[in-house]
Structure formats: structure tokens, C-alpha cells
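Inside the fold
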Amino acid sequence: MDEPTGGRLPERLYQAYAFDLDGTVYLGDGLLPGARRLIEELRARGLPVRFLSNNPTKDPEQYAEKLGKLGLPTPVDEIVNTVVTMTRWLLDHAPDAVVFPIGEQPLVRALERAGVRMSSDPAEIDIVIASYDRTFTYEKLQIAFDAIWFHQRARLVATNPDRFCPFPGGRGEPDCAAIIAAIEACTGARCEANLGKPNPAMLHTALAGLDLEPGECLMVGDRLATDVRMALDTGLAAALVLTGDTKRAEVDRAAPADAPDFVLDRIDRLLPPAVWKELGWTENEG
Ligand SMILES: [Mg+2]
């Protein structure tokens, strides 16, 4: 079993906290130990919390509903996922583009609501969006191929870089990287932009409006290549929690430039030991 602290724990409170969701706050349909009391305590202290996910198969409303059902009622505007960052990026960088989303309904709905023009006619597609799409078909691949290779007009962008989405019990499901690879393989195109973690765009979107220096904020997640990378590249303190995808041995092997500032066996260790003492917390509760 992992030693409880590892000696790299926060010794102070930060001004705001950004949380990865899967493997960090919950796993499957259960909150992870300490998640609820930690987040309630941060809120009680008036410290802003934000939740981030690379998963574009739900929209923020669905995440808010899920967190509420798990006993952690959360306003929609505290949640940012790749449905949000992809839509934002299109409005900022290609507001007049005609797009073909290879994605599920939450992404398509958000694009519709934002007034983004969509088409499945390869002759008029400017941007193909690769996403985590469990309704992916050969027909969709053909449209992307024709728009990018045959008509030589469409660019390729993606919602997130994840190879697979982990499930409890060690199983998982192919994620967006598989869709990107299929399109790249047949067209020779390269994906030009990836709007999920580790792209700092996601943290910038989540922390917009808080008026805080990045160094005053902390990001915590369970993956080195996405959560920790994004925090380090954005100037936030980075914490890795060992309740999800990453084993302690992998953290120990990480190069100094890739290593998190803090390593936690459970999420509520984000509160410094002095605060645990003040609150009378023990490991057996929460
Ligand atoms: Mg995660």
C-alpha cells in the first residue's frame, strides 16, 4: 500500500482550486474518499473551486447533475469540459467556418446553440472535429476523408488527446485519439489543435473572471501527461492524486520537469496538515 503522505504535501492554502473529475473527485459512480468534505471546506472558506474534464460525451449540465446526485451540488458555471473549450475555440478562431463534428449529441447541441454552421457535405466543410464518438462509422470517416483529402479544404482539430477513457475495475473504452488516428492515417493530415488538457486553454477558461495569478491557484488530477502537464505549463501548482490512473512508481520515475509539486494518496490532503488538525479530521472519515 502507498505510504500515506510521501512527504510532498501542500503546506498552505491556495486562492483557487481546479479539479480533474474522473479518478480525482469520483471514480465511476462513487465519490473518492475525502472529496466531499474537502470541497465543502474549500467552499466554506470562500475559495473558488472549478471542475475540468476532457470528456466531450457529456455537457456541463450533465456533469452538474452527476455531481449533485453524488452529494456534491455544483453550479454549471464551475464546470468546464471539452464541449465548452471546443465551442469557445471555434467562436474565437473560426467563427465563419462550416464544421463537421465527429462527436456525440452534447457536442453537437453546444455547437448548434452557439450558432456554429454544420454540414456533412465534404465540398463545404472547413473544419473536421474529431471527438470521443461512440457512434463513429465508416460513413463519418469517408466524409472526413473527402473533406480533407479529396477536396483539399478541411482542417482537422480535436476535442481531446486521450487514448482511452478508464472505467472502474481496470476496463476502458477507446477515446478521441483513436478517431484522430483514423483520420490522420487515411488523409496524411495532422491534427492542428487539441482543445483538451494539457492545452492551457482549458485552465484559462475555467479560471477566467477570478482575477488571480496562476501561482496562487492549484490544479489537481490523476494523470501526469494531461492534468499535471497543463498545470505546470499554465504556472499553477500541480498536485497528482493516486486514486486514479497513475501509480506512485510512475510519479517517482517522472523527469523533474514533468513532476507534480505534490503527490497525494487521497484528495483531502490538499488541505495542509495544520488545517486537518484544526478541523479534527482523521483518515477514517470523509
Ligand atoms: Mg482523471
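Residues numbered from 1 in each chain as written. Predicted model: local features only at pLDDT ≥ 70, side-chain atom pairs only at ≥ 80, totals over all residues. Heavy atoms only, no water.

Tallied over the full model, the rule gives five aromatic pairs. Arranged with centres 6.3 Å apart and planes meeting at 85 degrees, the rings of Y14 and Y17 form a pair that is edge-to-face. We classify Y14 as buried; its relative accessible area is 7%. Residue classification places Y17 among the buried positions, given a relative accessible area of 1%. Residues F145 and W149 carry aromatic rings whose centres are separated by 5.1 Å and whose planes lie at 20 degrees to one another, so their mutual orientation is stacked. Of the two residues, F145 and W149 both sit in helix 5 (residues 138-150), four residues apart, roughly one turn of that helix. Residue F145 is classed as partly exposed on the basis of its relative accessible area, which comes to 21%. Judged by relative accessible area, which is 44%, W149 ranks as partly exposed. Aromatic ring contacts, followed pair by pair, group Y14, Y17 and F262 into a single cluster. Sitting above the plane of the W281 ring, R37 keeps its charged end 4.1 Å from the centroid. (Phe/Tyr/Trp six-rings, centres within 6.5 Å; stacked < 30°, edge-to-face > 60°. Buried < 20%, exposed > 50% of the residue type's maximum accessible area, 1.4 Å probe, protein only. Helix = DSSP H or I, 4+ residues; strand = E, 2+ residues; numbered from the N terminus. Lys NZ or Arg CZ within 6 Å of the ring centre and 35° of its normal.)

A common measure of how large an interface is: the accessible area buried when the components associate. Split by domain assignment, the protein resolves into domain 1 (16-54 + 197-279) and domain 2 (83-194). Relative to domain 2, the C-alpha centre of domain 1 lies at a distance of 28 Å. On the domain 2 side, the residues contacting the 10 residues of domain 1 number nine residues. Summed over both sides, the interface of domain 1 with domain 2 buries roughly 820 Å², with 56% coming from carbon and sulfur. When residues of domain 1 are sorted by the area they lose upon contact with domain 2, N54, T205 and R223 head the list and together hold 49% of the total. (Domains from an automatic or database assignment. Contact = heavy atoms within 4.5 Å. Buried area = accessible area lost by both parts, 1.4 Å probe.)

With that settled, the discussion passes to unusual backbone geometry. For the bond running from K197 to P198, omega is 10 degrees, close enough to zero to count as cis. Looking at where P198 falls in the secondary structure, it is placed in the loop between strand 12 (193-194) and helix 7 (201-207). Despite not being glycine, Q152 has its phi angle at roughly 50 degrees, a positive value. With respect to the helices and strands, Q152 occurs in the loop between helix 5 and strand 9 (155-158). For Q152, a relative accessible area of 60% corresponds to the exposed category.

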